[in-house]
Amino acid sequence: MKRKKAMAGATLLVLMNLAPAAFAQSVTGTGYADLAQTSYGAAQIEALTAAGVLHGFADGTFRPNMLITRGQWLAYMMNALQATTQVSPSGGGKEIYRDVRPGSFAYAYVNAAYEAGWIVPSWLGVKAGGDFGINQVASTGDVASLFVAALKKAGQLTLPKGVTPLTYATQLGIFRGFHPVHGMRVTRAGAAVILENILNYTNGTLLPSGETPVLTVSATNVSPNTVVQLSLALRSVNGQTQVIPANANVTYALDNQTGAVLDTYSGTLIVTQPGTYTVTATVDGVSVAPLTITAYAQPAGIDLSSSSSTLTANGQALDTMTATIVDSTGQTVSNAAGTADLSALQYGSYVDPTTGAPLSSIQFVNGVATFAVKAGTTGGVSDTVSLSNVALSGTALASTFVDPSTTISYTWPSANALTLSPTTATVSDNQATEDAVFASVGGLGTSAVGLPVLAQFTLSGPASFQAGGSLMQTFSAYVVPGVPTQIPVWSLPLQSGTITFDASLSGTVVASTTITAVATGAPTSLVVNSTPSTVNAMGAAQEPTLFRV
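Residues numbered from 1 in each chain as written. Predicted model: local features only at pLDDT ≥ 70, side-chain atom pairs only at ≥ 80, totals over all residues. Heavy atoms only, no water.

Draft legend 1. Up close: the packing of aromatic side chains. Tallied over the entire structure, the rule returns ten aromatic pairs. Aromatic pair Phe465 and Phe475: ring centres 5.6 Å apart, planes at 40°, arrangement tilted. With Phe465 in the loop between β26 (463–464) and β27 (474–479) and Phe475 in strand β27, this residue pair connects regions lying ten residues apart in the sequence. Given the relative accessible area of 8%, Phe465 is considered buried. Its guanidinium or amino end placed over the ring of Phe132, Arg70 lies 5.5 Å from that ring's centre, counting from NZ or CZ. Arg188 extends its terminal NZ or CZ atom over the ring of Phe62, reaching a point 4.1 Å from the ring centre. (Phe/Tyr/Trp six-rings, centres within 6.5 Å; stacked < 30°, edge-to-face > 60°. Helix = DSSP H or I, 4+ residues; strand = E, 2+ residues; numbered from the N terminus. Buried < 20%, exposed > 50% of the residue type's maximum accessible area, 1.4 Å probe, protein only. Lys NZ or Arg CZ within 6 Å of the ring centre and 35° of its normal.)

Draft legend 2. Molecular detail of the sheet that holds strand β25 (residues 453–460). The mixed open sheet is built from five strands, whose spatial order is β23-β30-β29-β25-β27. Every other strand in the sheet has two partners, leaving β23 (426–428) and β27 as the edge strands with one partner each. The sheet shows a mean angle of 30° between the axes of neighbouring strands, direction not considered. (Pairing = 2+ DSSP bridges. Axes fitted to C-alpha atoms, helices over the stretch in contact; angles between N-to-C directions.)

Draft legend 3. Just the nonpolar core, in detail. Counting residues in hydrophobic clusters, the biggest one holds 60 residues, and the most contacted among them are Trp73, Leu74, Val110, Phe132, Phe147 and Ile194. Listing elements by their share of this core, those giving two or more residues are α3 (42–50), α4 (70–80), α6 (107–116), α8 (140–153), α9 (165–171) and α10 (188–202). Element by element, the count of residues in this core is highest for α10, at eight residues. Apart from residues no more than four positions distant in its own chain, Leu74 is found in contact with Tyr109, Val110, Ala113, Trp118, Phe132 and Leu146. Core analysis: the next-biggest nonpolar cluster, separate from the first, contains 29 residues, Ala336, Leu345, Tyr350 and Ala369 among them. (Core = buried A, V, L, I, M, F, W, Y, C linked by side-chain atoms within 4.5 Å. Contact = heavy atoms within 4.5 Å.)

Draft legend 4. Representation of the confidence of the model for the chain within the structure. For the chain, per-residue confidence averages 80 on the pLDDT scale, and residues scoring 70 or more make up 81% of the total. When the criterion is pLDDT under 50, residues 1–29 qualifies, and its contacts beyond four places in sequence or with other chains add up to 65 contacts. (pLDDT = per-residue confidence, 0-100.)

Below you can see the structure in the form of structure tokens.
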């Protein structure tokens, strides 16, 4: 991260030149005995110690609540900002202030700051030849005065006219997270918080460690000529959010300038035309994940889409359909809410795709409604699915709005879904013999029971659906899917040959089987037929005799 980069540069600025009077006996290790992870400024203290900017005491403590002096703050800041300001402590030069004499821990720092123009008399209330206040407890005013002067001389900032250094430093976020004590005085922990803010400011970002800027918008689906306000927040790793620092450098950006106008500084977006717009932002140079805003025009129609345009006519199959209200550009009108009636179906029915309850109308939510068409039991036909009486709450339909419609087809189950299974392959023609033929409709599996399917059965050859020798060769019956249905077939007495048994659905033969009628068993009758055929030489007719047993 950028913060680490800034602090890495500060590792060269170790405070080896500071006298013990300024920091006591310093230690550079982290993990101070008097510093818990939850302590105020703990993260900043540990980071600045690792970077060599701050030091603890020889007894392993940091003493975060100890107040610091004006001289100590000057030393802290000069070492931390040396890479930015190119100002470092110098031991030479004349004595400028009465309380800062050669040999003093702050002598080199105060002289270097004076020569660099950091010490503005009117801001600090000092003048050359007087006292600097080296051992005076540092206040936020002292901190701000030295910070603003140092970065102003370095060309890093410009103090607005009429604004005090303290006000300006506060606006820049230098004191964000700082806890003043005893009338705006600064402790060692408070100095660590301020120093980290300063380092982050000079490195281009004041975003706290572990927090990510997140872009939000007042609305993501709007109509043309709507004002959309963009805003930013900081989200931490634990999901908590806080406001972006007021001093952060925020810039908003828009990908499509054709149909919208964006104020890149305030984040105010005015959408003038339907379309899709992507907005993003940067916070102190950190890019923010983009958001998409969709602008739609007046509802111009409804798109009907389905999971399938064909259903198997088994009385169970469902086709889930989605009705989406769109504008003239095809964008979803996501704020549309209302109802529409469903047209009557001849073969199928409308149901709720979740509960299976019958439907006669649908409800639009966010411009979308779903429903399902349930197949009937007739194949080879189709239904027209259409919506009518579309009524949207608070939204007028375009003058060109047309009620949508689509077609869904029903097909019979596959050819082997209806099967015919004769009990025997042959029957006797000597008498009216019954042969039971079982007709079954599959497709749903033998464990499932569906709605009955009307089938037509036809016989050809020496057989009838009626006993007693009466001829009845067409028959209709309902066959329940998963449940075999017995269809009786009777042979005709004394007639041999092949019996063909066909099963049809809506006039289409989908299954066929054959049975053979044969003469079997003991003779039951003797039939003699005589027909004159020849005359012999004596004038007597010769009659051939035909026997049938």
